[in-house]
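What follows is the residue order along each chain.
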Amino acid sequence: MKHRAKKTEKQWADEFDQLEAASMEIKAPSAPPGEFENILKEMNRRGIKPKIREELEHRK
């Protein structure tokens with residue numbers, strides 16, 4: 001059983017290495033100018049409070 005676990009672990013490690021190498025070649029496009037601000041405006045309009053703000057308020 002140990003041999004099988006090691007073999008599976010090696011396969012996962014190899015697959016991770018392949019995915020990591022492939023993802024380094026991919027460049028994510030940048031967001032359009034003002035996109036973040038537009039999202040925040042829409043969230044405010046809908047009354048949605050970002051989770052991080054709630055967490056920061058509870059800390060105080």
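Residues numbered from 1 in each chain as written. Predicted model: local features only at pLDDT ≥ 70, side-chain atom pairs only at ≥ 80, totals over all residues. Heavy atoms only, no water.

Asks: Could you give an account of the confidence of the model for the protein, with specific residues and numbers?
Replies: Across the protein, the average pLDDT comes to 84, with 88% of residues at 70 or higher. Per-element confidence in the protein ranges from a low mean pLDDT of 73 for helix H3 (residues 51–59) to a high of 93 for helix H2 (residues 35–46). (pLDDT = per-residue confidence, 0-100. Helix = DSSP H or I, 4+ residues; strand = E, 2+ residues; numbered from the N terminus.)

Asks: How would you sum up the pattern of salt bridges? Please name residues and give values.
Replies: Taken as a whole and assessed by the stated rule, the structure comprises three salt bridges. In this structure, Arg45 engages Glu42 in a salt bridge whose closest nitrogen and oxygen atoms are separated by 2.6 Å. Of this pair, Arg45 and Glu42 both sit in helix H2, separated by three residues, roughly a single helical turn. Arg46 serves as the salt-bridge partner of Glu42, at 2.7 Å between the closest nitrogen and oxygen. Taken as a pair, Glu42 and Arg46 lie in helix H2 at a separation of four residues, close to a single helical turn. (Salt bridge = Lys/Arg side-chain N within 4 Å of Asp/Glu carboxyl O.)

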